Amino acid sequence: MSPAVTTSSEATEHAATGDVSSATASAAASAAAVAEASGPQTITMAKALNTAMADAMEADPSVLVFGEDVGRLGGVFRITDGLMAKFGEQRCFDTPLAESGIVGMAVGMAMNGMRPVIEMQFDAFAYPAFEQIVSHVAKMHNRTKGAVKLPMVIRVPYAGGIGGVEHHCDSSESYYAHTAGLKVFTPATVADGYRMLREAIDSDDPVMFMEPKKLYWSKDQVDLGALRAEHAANAATGSSSEGRAAVARPGTDATLIAYGPSVPTALAAAAAAAEEGRSLEVIDVRSIVPFDDETVCASVRKTGRAVVIAEAHGFASVSSEIVARVQERCFHYLAAPIRRVTGFDIPYPAPKLEHYYLPSVDRILDAVDDLQWEN
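Residues numbered from 1 in each chain as written. Predicted model: local features only at pLDDT ≥ 70, side-chain atom pairs only at ≥ 80, totals over all residues. Heavy atoms only, no water.

(A) Broad picture of the overall build of the protein. Within the protein, the regular secondary structure consists of 15 helices and 14 strands. Counting across all 375 residues of the protein, residues that qualify as buried make up 52%. In the protein, once contacts between residues fewer than 6 apart in sequence are set aside, the share between residues at least 24 apart is 81%. Total accessible area on the protein is roughly 16,000 Å²; 54% of this is exposed by carbon and sulfur atoms. (Helix = DSSP H or I, 4+ residues; strand = E, 2+ residues; numbered from the N terminus. Buried < 20%, exposed > 50% of the residue type's maximum accessible area, 1.4 Å probe, protein only. Contact = heavy atoms within 4.5 Å. Areas by Shrake-Rupley, 256 points an atom, 1.4 Å probe, with all protein chains shown as cover.)

Spelled out as structure tokens, the structure:
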């Protein structure tokens, strides 16, 4: 039997009349109890993403979560752990192993008032759904002259650093960034995991939400109450962090531009450079599409030098686009050609060799040293 669904308008009516399921009521009570806890707490990015979905589902009964093993198992990385127990099988459920079918069903649901959040188990597992994403998800709004919106989120655990084999460690963001009609987000911090997933679910346009799987278990001190309040305030004013990069570390000598899984590596390189007396600014792109030219270029104009860092192959990539955009806008400010530190243009290597393939602190510092420092 197909899961029962509730549209956004119906959800508002049900909430007003008190007509909610016991699972939803229980989840609301649980969320309220959690919200009462204030102050920073140490949580993982996995927990931040899980909490973001739970909060969104509690706030809007039209939000659904589904995909392969996301229900009873809680997902292969346990990111959806507990959502089925809290909200019931009608709102968090398992699907057959058919990515094209998962995305196609989400399209139909989104066209009819739902806000589906679906999970692709691994980056390369999403490729069977690529035709659906490119031909329908990305184009429906334009095809209907804005009459039909697709408020859906496709969560994709991506990139390497976990010792996985091929088909489990692809950096596939360039495919989606190249496809007009899709937003592409990738958080690098625990707080942004919560913040950006809530904003993605709120979006009336489809979002490819690229989750760096090696950062799932990274930890940070996060005030969930403050993040919830921030989200509520932004929702009330119509503002958000969407399309805005962040200065992850200020500096003056050169700019390191990174996103997703490469941000911690860039920060480590900047820390190492500081020990040698060189000040490197680190920009966390956060939103690949839309892209924040203003923040990125302001940093490069200040420092005059830049290195772009990404795990994906360098050829015809997001890093290529960043270099082009910076060069076009900052040419007269550059003291040296922009360098890139990326994955090599080969299929993803075997686990024992991935440390050679991934951008490292040493490779980044070598690129910085190559930025023509001599007058």
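(B) The side chain of serine 262, seen in detail. You can see serine 262 is positioned in the loop between strand E10 (254–258) and helix H11 (263–275). Contact partners of serine 262, with chain neighbours within four places excluded, come to Ile309, Ala310 and Glu311.

(C) Here's a closer look at the sheet that holds strand E11 (residues 280–284). Taken in spatial order, the five strands of this open sheet run E9-E11-E10-E13-E14, and their pairing is mixed. Looking at which strands have only one partner, the edges of the open sheet turn out to be strand E9 (246–249) and strand E14 (339–343). Averaged over all pairs of adjacent strands, the angle between their axes in this sheet comes to 25 degrees, without regard to strand direction. The pairing of E10 with strand E13 (residues 306–313) spans four bridges and is parallel. The residue of E13 that forms the bridge with leucine 256 is valine 307. Against the sheet, helix H12 (residues 293–303) contacts E9, E10, E11 and E13, and its axis sits at roughly 155 degrees relative to E10. (Pairing = 2+ DSSP bridges. Axes fitted to C-alpha atoms, helices over the stretch in contact; angles between N-to-C directions.)

(D) How the structure looks around unusual backbone geometry. With omega at -5 degrees, the peptide bond leading from valine 289 into proline 290 counts as cis. Position of proline 290 relative to the elements: it lies in the loop between strand E12 (287–289) and H12. Phi is positive for lysine 145, close to 55 degrees, though the residue is something other than glycine. Its place among the elements puts lysine 145 in the loop between helix H7 (140–143) and strand E5 (153–158). Note on lysine 145: relative accessible area 82%, which makes it exposed. One non-glycine residue, glutamine 372, lies in positive phi territory at about 50 degrees.

(E) Examining the pairing of E11 more closely. In terms of burial, E11 is a largely internal element, five of the five residues being buried. Residue alternation in E11 divides its side chains into two sets, Leu280, Val282 and Asp284 and Glu281 and Ile283, and both sets are buried. Sheet topology places E9 next to E11; three bridges connect them, and they run antiparallel. Residue pairing for E11: valine 247 is matched across the bridge by isoleucine 283. Alignment of E10 against E11, held across five bridges, turns out to be parallel. Note on E11: the bridge partner recorded for isoleucine 257 is isoleucine 283. In this view, the connection linking E10 to its parallel neighbour E11 by way of H11 has right-handed handedness. (Right-handed = clockwise from strand over helix to strand, strands pointing away.)

(F) Geometry of helix H9 (residues 190–202). Taking 1.5 Å as the rise per residue, H9 with 13 residues should run 18 Å; its terminal C-alpha atoms sit 19 Å apart, in good agreement. Here H9 lies mainly inside the structure; twelve of its 13 residues are buried. Listed as buried for H9 are Val190, Ala191, Asp192, Gly193, Tyr194, Arg195, Met196, Leu197, Arg198, Glu199, Ala200 and Ile201. (Expected span 1.5 Å × (residues − 1).)

(G) Broad picture of helix H5 (residues 99–111). Spanning 13 residues, H5 covers 18 Å between terminal C-alpha atoms, matching the ideal 18 Å at 1.5 Å per step. Listing the buried residues of H5 in full gives Glu99, Ile102, Val103, Ala106, Val107, Met109 and Ala110. With its buried residues spanning 170 degrees around the axis, H5 presents them on a single face. Immediately beyond the C-terminal end of H5, within one or two residues, lies glycine 113, with a positive phi of roughly 100 degrees. (Arc of directions from axis to C-beta.)

(H) Representation of the pattern of salt bridges in the model. In total, this model carries 19 salt bridges according to the counting rule given. With a closest N to O distance of 2.6 Å, arginine 155 and glutamate 211 form a salt bridge. Of the two residues, arginine 155 sits in strand E5 while glutamate 211 sits in strand E7 (residues 207–212), which places them 56 residues apart along the sequence. Of the residues examined, arginine 155 reaches a relative accessible area of 0% and is grouped as buried. Taking the relative accessible area as the measure of exposure, glutamate 211 reaches 0% and is therefore buried. (Salt bridge = Lys/Arg side-chain N within 4 Å of Asp/Glu carboxyl O.)

(I) Fine view of the packing of H9 against helix H10 (residues 224–237). It is the contact of H9 with H10, at a shortest axis distance of 10 Å, that shows an interaxial angle of 30 degrees. Looking at the two axes, H9 sits roughly parallel to H10. Relative to H10, the crossing made by H9 is right-handed. Between H9 and H10, the contacting residues are Ala191, Tyr194, Arg195, Arg198, Glu199 and Asp202 on the first element and Leu224, Leu227, Arg228, Glu230, His231 and Asn234 on the second. (Parallel < 35°, antiparallel > 145°, perpendicular 65-115°, else oblique. Left-handed = near helix turned anticlockwise from the far one by under 90°.)

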